[in-house]
Amino acid sequence: MQLGSSQFASDLIALEELHLLKLGVWAALSILVGSAIVALVRVRRSDSPLLQHFGIQCAAWGIIDLLIVWWAGRGLQLRDLAGAVALDRFVWLNIGLDVGYVMVGLTLALCGWKLGRRLGLVGAGLGVVVQGLALTVLDLQLSAGIVR
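Described below are features of the structure shown in this document. Bear in mind that the values here come from a model prediction, so they are computed numbers and not experimental data. (Residues numbered from 1 in each chain as written. Predicted model: local features only at pLDDT ≥ 70, side-chain atom pairs only at ≥ 80, totals over all residues. Heavy atoms only, no water.)

### Comments concerning the pattern of salt bridges
1) Next: Summed over the entire model, instances satisfying the criterion amount to one salt bridge.
2) Next: The closest approach of N and O atoms between Glu 16 and Arg 79, which form a salt bridge, is 3.0 Å. Taken as a pair, Glu 16 in helix α1 (residues 9-43) and Arg 79 in the loop between α2 (49-74) and α3 (81-114) lie far apart in primary sequence, 63 residues in all. (Salt bridge = Lys/Arg side-chain N within 4 Å of Asp/Glu carboxyl O. Helix = DSSP H or I, 4+ residues; strand = E, 2+ residues; numbered from the N terminus.)

Structure, rendered in structure tokens:
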């Protein structure tokens, strides 16, 4: 839904609610997949630090994302134009942070690989990259619908 100058505050709050729903689904999937990976590694008693740390990152980020959804959902309210502008700026700040997460994850993965094939660090880095990319996509979708 693209908000234009003739859109109402109720459209913006619906857009925010949709964003929180998407983030909540992503969080739940991250927790489920991350926990399943960790459980599988432990049940099989395999020594896979890459998978273990990737799964831990997925589950941990999912929990944090669920807390964000809960917290943000409590504060939803109708916004005027100034509120829409503030939301847009906040979302763009988050997009910058999301890109930063991707870069940190890549750095961790590359350092882990270059410093003696430390696969736990590689797995953790890849987990951060996946989460950062997903959050970037979700935040860009939200930003695309906000009045400019």
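### What to know about the packing of aromatic side chains
1) Next: This structure, assessed with the given rule, holds two aromatic pairs.
2) Next: Each ring, one from Trp 61 and one from Tyr 101, has its centre 5.1 Å from the other, and the planes form 75°; the classification is edge-to-face. Of this pair, Trp 61 sits in helix α2 while Tyr 101 sits in helix α3, placing them 40 residues apart in sequence.
3) Next: Using a relative accessible area of 28% as the deciding quantity, one classes Tyr 101 as partly exposed.
4) Next: If you follow Arg 74 out to its NZ or CZ, it ends over the ring of Trp 70, 4.9 Å from the centre. (Phe/Tyr/Trp six-rings, centres within 6.5 Å; stacked < 30°, edge-to-face > 60°. Buried < 20%, exposed > 50% of the residue type's maximum accessible area, 1.4 Å probe, protein only. Lys NZ or Arg CZ within 6 Å of the ring centre and 35° of its normal.)

### Brief notes about unusual backbone geometry
1) Next: The backbone of Arg 45 shows a phi angle near 50°, a positive value even though the residue is not glycine.
2) Next: Relative to the helices and strands, Arg 45 resides in the loop between α1 and α2.
3) Next: Take Arg 45: its relative accessible area is 77%, and that puts it in the exposed class.
4) Next: In this structure, Arg 117 takes a positive phi of about 55° despite not being glycine.
5) Next: In this fold, Arg 117 is placed in the loop between α3 and α4 (119-145).
6) Next: Accessibility expressed as a relative area gives 48% for Arg 117, which makes it partly exposed.

### A closer look at a nonpolar patch on the surface
1) Next: A contiguous nonpolar surface patch, about 540 Å² in accessible area, is contributed by Leu 18, Leu 21, Val 25, Leu 29, Leu 32 and Val 33.
2) Next: Following the sequence through the fold, Leu 21 ends up in helix α1. (Patch = residues over 30% accessible without salt bridge, like charges linked within 9 Å, V, L, I, M, F, W, Y side chains within 5 Å. Areas by Shrake-Rupley, 256 points an atom, 1.4 Å probe, with all protein chains shown as cover.)

### Describing the packing of α1 against α4
1) Next: Packing of α1 against α4 leaves a shortest axis separation of 10 Å and a crossing angle of 165°. Taken together, α1 and α4 sit at an angle that is classed as roughly antiparallel. The handedness of the crossing between α1 and α4 is right-handed. On α4, the residues that touch Leu 15, Glu 16, His 19, Lys 22, Leu 23, Trp 26 and Ser 30 of α1 are Val 130, Gln 131, Ala 134, Leu 135, Leu 138, Asp 139, Gln 141, Leu 142 and Gly 145.
2) Next: Of the residues belonging to the contact of α1 with α4, the class tally is eight nonpolar, five polar and three charged. (Axes fitted to C-alpha atoms, helices over the stretch in contact; angles between N-to-C directions. Parallel < 35°, antiparallel > 145°, perpendicular 65-115°, else oblique. Left-handed = near helix turned anticlockwise from the far one by under 90°. Contact = heavy atoms within 4.5 Å. Nonpolar A, V, L, I, M, F, W, Y, C, P; charged D, E, K, R; others polar.)

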